[in-house]
Amino acid sequence: MPAIANRVASLGTTVFTEINDLALKHNAINLGQGRPDFDGPADIIAAEVAALQDGKHNQYAPGAGTLNMRKAIADHAGRFYNLDLDPNTGVIVTAGATEGIFSSLLGLVNAGDEVIVIEPYFDSYVPNLQWIGAMPVYVPLRPPAWTLDPDELRAAFTPRTRAILLNTPQNPTGRVFTYAELKLIADLCIEFDVICISDEVYEHLTFGETPHIPIATLPGMVERTVTISSLGKSYSVTGWKIGWVYGHPALVTGVQRAHQYVTFAAHHPAQTAAAYALSQPGTYYEDFLTMYTAKRDLMMAALNGSGLKAFAPEGTYFVMADFRDVFDGDDVAFARYLTTEIGVACIPPSVFYCPEHAEIGRRFARFAFCKGDDTLRAAGERLAKLKR
Ligand SMILES: Cc1ncc(COP(=O)(O)O)c(C=O)c1O
């Protein structure tokens, strides 16, 4: 029997699959996966249904995305961030942010290049880097406040650094990088002539007064940044897998060349609905944040009542909780225990680190609060059993 390729042989089944299976078996409340358990807005879904039925969208979309959608992405970036994008040359539509990230790496990074990865990282980054033969160079965020050590960050930049993968608002820590933190990264990118690949899928999920600042808006960054986002988180339609990449045409050209042979084009009918979603009025985003602020408060109340320690996240729908006061093993043991004995599933975050830094994640659990309010309350009741 022929063997599978070396580049995937070591990937195997992830701990996510194990925890999901355990959650099902033990009827646990699943706060592991970052997938909303409620539906997206009815009018946005109706726009997709209309596009499916109007007889104009069931064949291939233009490879870079429909002009209507590319214009909507450019208008959205202009409206929220004052960015001036050319919809014809500076924007492409991808099969979710996941494809946007992979096509960006394929189109902008050479084999042998170093790419800086901030830990804990989103899980596709490192396998993608390995597939293109690039070398990840890891810089951990330091708990409890999940901040960058400026000296560690500077030490990661070398003449071989080609790119940095940034994610703000950040999964899984819930951090939203401040202007000062972004300036530190930007200045190093400029000094070392490095590209920033900025994953901003949680751009509309920042709480209170915390602003989301795209790094492309910092001085000198627009020509060295590609920004990636998607529809899934901001409009609660993660199943649609519609994303986009925008930036300077000189960089987006590279992403487009890769994209044309990865997926060629993204789902056509959804692009009409996505363009409609991106043009939602300000009240949509206010209501969205009101909903998630209430969920974050329910999640924090659940953690506080259980003896788990966490900072309220500044953004995203994730929170990292320190379990040392209530459990003695590592994060994988805790996730198994919580799922099977307490009835709440979470993710062990040591999997989002390189082996040398995995220790940092071993006393934390990641909880996702993109769930119904009653589900979060019920999780709180179960988590209270943890308290010693
Ligand atoms: C940080 C981050 N980037 C990218 C993605 C993937 O986005 P999409 O579903 O649009 O591919 C996710 C989804 O969880 C994420 O958390």
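Note that residues are indexed from 1 along each chain, following the sequence as it is written. Local features are withheld for residues below a pLDDT of 70 in this predicted model, meaning they are given only at 70 or higher, and side-chain atom pairs are given and counted only at 80 or more; totals for whole chains, interfaces and linings count all residues. Computation of side-chain values covers all heavy atoms of the structure but excludes hydrogens and water.

## Remarks on unusual backbone geometry
Item 1. With an omega of -5°, the peptide bond running from Glu 119 to Pro 120 counts as cis.
Item 2. Position of Pro 120 among the secondary structure elements: in the loop between strand E3 (114–119) and helix H6 (125–131).
Item 3. Cis geometry marks the peptide bond from Asn 171 to Pro 172; its omega dihedral reads 15°.
Item 4. Positionally, Pro 172 belongs in the loop between strand E5 (161–167) and helix H8 (179–192).
Item 5. Although it is not a glycine, Lys 241 adopts a positive phi angle of roughly 55°.
Item 6. Along the chain, Lys 241 turns up in the loop between helix H9 (231–234) and strand E8 (243–247).
Item 7. One non-glycine residue, Phe 264, adopts positive backbone phi at about 65°.
Item 8. Categorising residues by exposure relies on relative accessible area from a 1.4 Å probe, with only protein chains included: less than 20% of the type maximum marks a residue as buried, more than 50% marks it as exposed, and the intermediate range marks it as partly exposed. On the basis of relative accessibility, which here comes to 36%, the residue Phe 264 falls in the partly exposed class. Secondary structure is summarised from DSSP: a helix means a run of H or I of at least four residues, a strand means a run of E of at least two, and numbering begins at the N terminus for each.

## With respect to the packing of aromatic side chains
Item 1. Ring pairs shown here join Phe, Tyr and Trp side chains whose ring centres sit within 6.5 Å, with only the six-membered ring taken for Trp; geometry is labelled stacked below 30 degrees between planes, edge-to-face above 60, and tilted in between. Applying the stated criterion to the full structure yields 24 aromatic pairs.
Item 2. For the pair Phe 207 and Phe 369, a centre-to-centre distance of 6.4 Å together with 40° between the ring planes defines the contact as tilted. Of this pair, Phe 207 sits in the loop between strand E6 (195–199) and strand E7 (225–230) while Phe 369 sits in the loop between strand E11 (364–368) and helix H15 (373–383), placing them 162 residues apart in sequence.
Item 3. Using a relative accessible area of 0% as the deciding quantity, one classes Phe 369 as buried.
Item 4. Aromatic pair Phe 323 and Phe 334: ring centres 4.3 Å apart, planes at 15°, arrangement stacked. Within this pair, whereas Phe 323 is found in the loop between strand E9 (318–322) and helix H13 (331–342), its partner Phe 334 is found in helix H13, the two being separated by eleven residues in sequence.

## Points about the packing of helix H12 (residues 282–304) against H15
Item 1. Axis angles are defined between N-to-C directions and span 0 to 180 degrees, where every axis is a line fitted to C-alpha atoms and, for a helix, only to the segment in contact. It is the contact of H12 with H15, at a shortest axis distance of 8 Å, that shows an interaxial angle of 10°. What the angle tells us is that H12 and H15 run roughly parallel. In this structure, H12 uses Lys 295, Leu 298, Met 299, Ala 302 and Leu 303 to contact H15, whose residues at the interface are Asp 373, Leu 376, Arg 377, Gly 380 and Leu 383.
Item 2. Only Asp, Glu, Lys and Arg are considered charged in this grouping, and only Ala, Val, Leu, Ile, Met, Phe, Trp, Tyr, Cys and Pro are considered nonpolar; every other residue, Gly among them, is considered polar. In the contact of H12 with H15, the residues fall into six nonpolar, one polar and three charged. Roughly parallel covers angles under 35 degrees, roughly antiparallel covers those over 145, roughly perpendicular covers 65 to 115, and oblique covers all other angles. The contact rule is simple, with two residues in contact once any of their heavy atoms fall within 4.5 Å.

## Here we look at the sheet that holds E7
Item 1. Think of it this way: DSSP has to see at least two bridges between two strands before they count as a pair. Judged by pairing direction, the sheet is mixed, and its seven strands sit side by side in the order E2-E8-E7-E6-E5-E3-E4 without closing on themselves. Looking at which strands have only one partner, the edges of the open sheet turn out to be strand E2 (91–94) and strand E4 (135–140). Going across the sheet, the axis of each strand differs from the next one's by a mean of 20°, ignoring polarity.
Item 2. Note that E7 and E8 share five bridges and pair antiparallel. By the bridge assignment for E8, Ser 229 is matched with Trp 244.

## A look at the site of the ligand
Item 1. We call a residue near a molecule or strand as soon as one heavy atom of that residue lies within 4 Å of the molecule or strand. Taken together, Gly 96, Ala 97, Thr 98, Phe 122, Asn 167, Asn 171, Asp 199, Val 201, Tyr 202, Ser 230, Lys 233 and Lys 241 form the complete shell of residues around the ligand.
Item 2. A 3.5 Å cut-off defines polar contacts: any pair of N or O atoms within that distance qualifies, except that in protein one atom must be a possible hydrogen donor and the other a possible acceptor, and neighbouring residues in sequence count only when both atoms are side-chain atoms. Within the side chain of Ser 230, a nitrogen or oxygen atom sits 2.7 Å from an oxygen atom of the ligand.
Item 3. Here Lys 241 contributes a side-chain N or O atom positioned 2.6 Å from an oxygen atom of the ligand.
Item 4. Considering the ligand on its own, with 400 Å² of exposed area, one finds that the protein chains cover 92% of that surface.
Item 5. Cavities and pockets are found on a 1 Å grid laid over the protein atoms alone: a cavity is a set of points where a 1.4 Å probe fits but cannot escape, a pocket is an open set with protein on both sides within 12 Å along at least five of seven lines, and a lining residue has an atom within 4 Å of such a point. Any molecule with more than half of its atoms within 2 Å of a cavity's or pocket's grid points is regarded as sitting in that cavity or pocket. Taken atom by atom, the bulk of the ligand overlaps the largest pocket.
Item 6. Ranked by residues supplied to the shell around the ligand, first place goes to helix H5 (residues 96–108) with three residues.
Item 7. A per-class count over the shell around the ligand returns four nonpolar, five polar and three charged. Only the protein chains shown count as cover for residues, and all accessible areas are computed by the Shrake-Rupley method using a 1.4 Å probe.

## Here's the deal with the domain arrangement of the protein
Item 1. The domain boundaries here were taken from an automatic or database domain assignment. Along its sequence, the protein is carved into domain 1 (6–40 + 283–386) and domain 2 (42–278).
Item 2. Its C-alpha centre places domain 1 at a distance of 24 Å from the equivalent point of domain 2.
Item 3. In this assembly, 35 residues from domain 1 lie in contact with 41 residues from domain 2.
Item 4. Joining two parts hides part of their accessible area as seen by a 1.4 Å probe, and the buried area is that hidden amount summed over both. Of the roughly 3,300 Å² buried at the junction of domain 1 and domain 2 (both faces included), carbon and sulfur atoms supply 64%.
Item 5. In terms of surface lost to domain 2, no three residues of domain 1 exceed Tyr 285, Glu 314 and Thr 316, which account for 22% of the buried area on that side.

## Details of empty space enclosed by the protein
Item 1. Grid points are joined across faces, edges and corners, and a volume is the space filled by probe spheres set on the points. For the structure shown, the criterion picks out one cavity of 30 Å³ or more.
Item 2. There is about 40 Å³ of room inside the largest cavity.
Item 3. Ile 118, Pro 120, Tyr 121, Phe 122, Tyr 125, Leu 165, Leu 166, Asn 167, Gln 170, Asn 171 and Phe 177 are the residues that line the largest cavity.
Item 4. With three residues, the top contributor of residues to the lining of the largest cavity is E5.

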